[in-house]
Structure formats: structure tokens, C-alpha cells
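Inside the fold
As a plain string of letters, each chain reads:
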Amino acid sequence: MSIMTAMAVEYLVFFTIILVAGYLLPAGLFHCIFFRTGIEGVDARRIQQRTPTRASVRHEIRHSLVSVALFAVYATITWQAVKAGATAMYFDWSVYPWWTPFAGFLAAIVLHDTYFYWTHRLVHWAPLFPWVHAGHHKSLAPSPWAILSFQPAETVVQFGIFVILVFLIPMHPLTLVAYLLYDGIVNAAGHCGHEFISKKQRRHWFFKYTTVVTHHDLHHSQFNCNFGQYFTVWDRLFGTFRDRPPEADTSAATQHSPLGTETDRH
Ligand SMILES: [Zn+2]
Ligand SMILES: [Zn+2]
């Protein structure tokens, strides 16, 4: 098999893994729960009155598929470094202690949260925003299909954390795929537009420092707060944390039916 054929096969494998574990499974799961099943009480959990429109969801899916295609290119290139033994990735489970996958998973969460907070603040910097991050913010009321809705420049930033993980943290490929799925699920939750942690539960210390749906939803409607991915720690330390939508946000919003045809305020 020529090098080009081998790389084409690798590209297809990465494209499939990222598409399924990083996009279709997590986004499809939250789409089914909050937009399709008609579970009693779901509508009462909506955070904003405005809801995703067909046009905004089409935009999210189109940009997410381009992101998957680009991520697969970056993954194929990174894979060459893995094959050359230049990264921390391992393939033999017996090389490290049994707890290594769990430690790697936790380290990935902490590193990713820090990376995401600071790069997210960076791409909100006015000179960069239109070129890098404005596309993701076209969704004022995001849907789960927005989780990979990035402009091409932002895919480089978003993939950067996976390069860092592969080079710095000893991880089995299956641990990394599990993390990709976990990251997708947390992201899809953050974009589902419905809060499923009750106000009482949110007073618990655990939820005081973890990001709930309301936080990222507020980020989409107000732009200047809640830059964190998993935790609220960086936001609290640097004064960008916000917990409740001001009344003006929902009163100014328009009422749309789920995935309806009305035009959103983009
Ligand atoms: Zn978002
Ligand atoms: Zn943003």
C-alpha cells in the first residue's frame, strides 16, 4: 500500500471516529431528548424563549461537518507523529498502572478546561472575533448540532488541545476516543438550551464550580461571560462568571417553535 493510500485510509478512519463519537452520537442524543421525544416538562426547562430555527440548525450542521473534515486532516497528520513514537500515546495497557486511563482522563479535563477558557477569551478579542469565532456565535439560541460549528480558523484552535493531550499525557487511543465522546456529550448538553439541573441542586458545592447548561447558553446570548468549558473556576477568578439571565434577555426574545421556520435574531 502506498503512503498516500495508507494516509487516505487513516483519514477515513479518523473522519468516521470524529463524526460518530465527536458529533453524531452526542448531538443526536441531546437532540432526541430535548427536541424530538416530547418528554413531559421539557419545554418548561427552556432557558431562552427563542429557540433554534431550521436555518440556524442547518448552519450549525454544515459548519460542523466541515470542522469534522478538517479535524480528520489534523488527526491524520498527528497520527504520523504517534506512529513515529514522538508522542506520549501508548498501545499496550500493561505498560502503565491500571489507574493511568482514569488519571489521563481527569488530566485531560483539567487541561482542556484551562486551554478552552484562555483560547476562548482570546478568540473573543475584537480583531480576531470576526475571523475565528463569530461563526459559532451565529447561534444566539444554540442547538446540540452547534457543538462543532466553527469557522476553519477556529478548528485549528479547537484541535490544539488534542495535540497537547497526545504529546503530553500518556493515553491509550481508546481513552482518547472515550474523552472525545465525553467532551461531545458535555458540549451537546451546553448547547441544548434546556437546564436539567434544578435550582436546588445548583446550590450544591459541586455545581457551584461546574458549568451547567445555563452558563454556556448565557455565553451565546450575551457573548461576554462564561468562557469555561467544564468548570466555573477560571470565570469566577477573572470576573467573567454570570449565573442568571437578566430579565431583558428573555423579554426581548421572540417565541419560536422548536426547529421552526421563523428567522432568529442573528
Ligand atoms: Zn457554544
Ligand atoms: Zn464564544
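Residues numbered from 1 in each chain as written. Chains lettered and ligands numbered in written order. Predicted model: local features only at pLDDT ≥ 70, side-chain atom pairs only at ≥ 80, totals over all residues. Heavy atoms only, no water.

1. As for the overall build of the protein chain
Our working rule: Numbering of helices and strands runs from the N terminus, with a helix taken as a DSSP run of H or I at least four residues long and a strand as a DSSP run of E at least two residues long. The globule rule used for comparison is 2.2 Å times the number of residues to the exponent 0.38, while the radius of gyration itself is calculated over C-alpha atoms. The buried label applies to any residue whose accessible area, calculated with a 1.4 Å probe on protein chains only, is under 20% of its type's maximum; exposed applies above 50%, and partly exposed to all values in between. What makes two residues a contact is simply this: any of their non-hydrogen atoms within 4.5 Å. Areas reported as accessible are Shrake-Rupley estimates using a 1.4 Å probe. Residue values count occlusion only from the protein chains shown. We treat Lys and Arg as the positive residues and Asp and Glu as the negative residues; His and chain ends play no part in the count. Every charge is mapped onto a representative atom, which is NZ of Lys, CZ of Arg, CG of Asp or CD of Glu.
Of regular secondary structure, the protein chain possesses eleven helices and zero strands. When the helices and strands of the protein chain are placed in sequence order, the string is α-α-α-α-α-α-α-α-α-α-α. The C-alpha atoms of the protein chain give a radius of gyration of 19 Å, which matches the 18 Å a tight globule of 266 residues would have. When each of the 266 residues of the protein chain is scored for burial, the buried share is 49%. When contacts within the protein chain are restricted to residue pairs at least 6 apart in sequence, long-range pairs at least 24 apart make up 74% of them. Counting only carbon and sulfur atoms, one obtains 70% of the accessible surface of the protein chain, whose full area is about 13,400 Å². The centroid of the 19 positive side-chain charges in the protein chain is displaced by 4 Å from the centroid of its 16 negative side-chain charges.

2. A few points about the coordination of the zinc ion (ligand 2)
Short version of the rule: Each metal site lists N, O and S donors within 2.8 Å (3.2 Å for Na, K and Ca). With water left out of the atoms, a site can look as if it is missing ligands.
Distances from the zinc ion (ligand 2) to its protein donors, His-120 (NE2), His-124 (NE2), His-133 (NE2), His-137 (NE2) and His-219 (NE2), fall within 2.1 to 2.2 Å. Along the chain, the residues donating to the zinc ion (ligand 2) are arranged with the sequence spacing H-x3-H-x8-H-x3-H-x81-H. Of the two residues, His-120 sits in helix α3 (residues 100-123) while His-219 sits in helix α9 (residues 213-222), which places them 99 residues apart along the sequence.

3. Overview of the nonpolar core
Convention followed: Side-chain atoms within 4.5 Å are what join buried Ala, Val, Leu, Ile, Met, Phe, Trp, Tyr and Cys residues into a set we call a nonpolar core.
Residues Phe-162, Leu-165 and Tyr-179 are the most contacted members of the largest nonpolar core, which totals 40 residues. Top element by residues in this core is helix α1 (residues 3-36). It accounts for nine residues. Beyond its immediate stretch of four places on either side in the chain, Leu-165 contacts Ala-108, Leu-111, Met-171, Leu-176 and Tyr-179.

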